[in-house]
Amino acid sequence: TLNTSTDPFGGGGIFCVYANPLIGDNTITENHANVSGGGLRLEDSDATVTGCLIAGNTAEDGAGVTGDVFTGIIENCVVVDNRASRSGGGYTAGQYSTATIINSVFAGNEAALWGGGLYFAYHSNATIVNCTIADNTAASGGGILCYSASPTMVNSILWDNDAPTGPEISLLSSSTLTIDYSDVEGGQAGANVDPGCTLNWGANMTIANPLFFDAPNRDYHLKWSSGCRDAGDNSASGLPDVDFEGDPRITLGTVDMGADEFYYHPYPLGPVVPGQSLTIRVVGGPAMPVTLYLGAGVLSPPMTTNWGDFYLPWPALWEGKMGTIPTSGIRSFDVTVPTTWAAGDLKPLQSLVGKFSDPLAHLTNLMILDVE
C-alpha cells in the first residue's frame, strides 16, 4: 500500500517480469505508477493472481492491473475503485496477452479514455469466465473496450457501466468479442461496434436485471430473484468449481452468471475493530430463520450432522437468533465487536439457515473474523 513507481514500465505495488509467481490473498491498495500497473504489472510472465483485493490504485494505463505478454490467471479477485488517466481503469491487457480471468469483480473503476473496467489491446485474447463488471466509467467502453483484440466471455455480467460511446462494450480497430450466456445491460444497444469489428452475440444472452444486493457499497452478491441466478452454461470451458468466495458452483442445478454463486453462507462487510460496528450478512432462502454461532476454536475434521458439517466445538461460546431471511435472500445485521477482542485474534463463526426440524435447513461455511 501507498507505493509509487516512476519506472518507465510502471508497477506501483508489484512489478513482475520474466517471472512465474503465485500472488495469493494479498491486499494491493493506493499505489501509483506514472505509466502502467498502478497496483500490479505483469510483463512476459505466467503469474497466478488469486484472492486479491486490488483497490484505489492509480496509473496512466491499467490502474489496477496491467498484463503485457501475460499468459497467466487472474481469479477470485476484487478489482475496485482504481483510476487510470488514460485507459484500463481496472485491468489493461497489453500486447499478446492471453490471460484467463475467472470469478473476479471489476467495479467502480474509471478511465479517462478507454475501458473503464477492462481494456484489451494489440492481439490480446483473454478468456473471461464468470466475472462481474459493473459501475465502471470511461469515455468509450465503460465496461470493456477492445482495440485490435479478440477476447471471449461466458457466464458474466456487464451492468451499470457508463460511457458516451459503448457504455458496456466498445470494439475498435478490427476487434472481435465472442460472448454468450452473459447479462449485458441494454443488450447489443449497449455496445459500440466500429466498422471492421465483430460482435459475436450468442443465442443465450439476457438483459435481465442482476439485482445486486448493495452495489453502491461494492457488494455484488446476487439477490434471490436475480435474473442471473441459474442462467449460465454448465459446460463452459474453464468453468470453476467454486465462486469468488470459495462457495460451490452449480448449487441449484445450473451455474449462476457473474462472480457470485447464490449459496447459503455468511460474510462480513468492513474491518473487524474492537468497539466498532460490524455488518454481517447471511445468504439463504427467503423466510428461513438464521442462527449465528461463535466458537472457541475450529474442529478438524468438523462434526458431521444432518444439516452439514459443523466446525465449532459444542457448545458454542455464543448463540444468537438473527431473525429471518427477507425476500432478497440476504439477511443483513449489525453487531458491535467486543472490546475484549484484540488485534490479531481469529474468531470463528458459523450459521444455521433454517430450523433443525426443517429438512432444507443448512449449516453454512465457516467464517473467520480477523480482528484488526
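Residues numbered from 1 in each chain as written. Predicted model: local features only at pLDDT ≥ 70, side-chain atom pairs only at ≥ 80, totals over all residues. Heavy atoms only, no water.

A.B. asks: For this particular structure, what's the right way to read the sheet that holds strand S12 (residues 78–80)?
C.D. replies: Ordered in space as S4-S8-S12-S16-S20-S23-S26, the 7 strands form an open sheet in which the pairing is parallel. Of all the strands in the sheet, the pair left with one neighbour each is strand S4 (27–29) and strand S26 (183–184). When S4 meets strand S8 (residues 53–55), the two strands line up parallel, connected through 3 bridges. By the bridge assignment for S8, Thr 27 is matched with Leu 53. (Pairing = 2+ DSSP bridges. Helix = DSSP H or I, 4+ residues; strand = E, 2+ residues; numbered from the N terminus.)

A.B. asks: Please explain the packing of aromatic side chains as it appears in this structure.
C.D. replies: Here the distance between the centres and the angle between the planes together describe a pair of aromatic rings. If you walk through the whole model with that rule in mind, you get 10 aromatic pairs. Where Phe 212 meets Tyr 220, the ring centres are 4.9 Å apart and the plane angle is 80°; that geometry is what we call edge-to-face. Judged by centre distance (5.9 Å) and plane angle (65°), the rings of Tyr 293 and Trp 314 are edge-to-face. Placement of Tyr 293 in strand S33 (residues 289–294) and of Trp 314 in the loop between strand S35 (308–310) and strand S36 (318–324) is noted, with a sequence separation of 21 residues between them. For Tyr 293, a relative accessible area of 2% corresponds to the buried category. Positioned above the aromatic ring of Trp 224, the side-chain terminus of Arg 229 is 4.1 Å from the ring centre. The lysine or arginine in question, Arg 229, covers the ring of Phe 262, its NZ or CZ lying 5.4 Å from the ring centre. (Phe/Tyr/Trp six-rings, centres within 6.5 Å; stacked < 30°, edge-to-face > 60°. Buried < 20%, exposed > 50% of the residue type's maximum accessible area, 1.4 Å probe, protein only. Lys NZ or Arg CZ within 6 Å of the ring centre and 35° of its normal.)

A.B. asks: Just checking my understanding: could you explain the sheet that holds strand S3 (residues 22–24) for this structure?
C.D. replies: The strands making up a sheet associate through backbone hydrogen bonding, with each pair oriented either parallel or antiparallel. Taken in spatial order, the 8 strands line up as S3-S7-S11-S15-S19-S22-S25-S28 in an open sheet, and their pairing is parallel. Only two strands of the sheet have a single neighbouring strand rather than two, namely S3 and strand S28 (198–201). Across this sheet, the average inter-strand angle for adjacent strands is 10°, counted without regard to direction. Pairing geometry for strand S15 (residues 100–102) and strand S19 (residues 127–129), over 3 bridges, is parallel. (Axes fitted to C-alpha atoms, helices over the stretch in contact; angles between N-to-C directions.)

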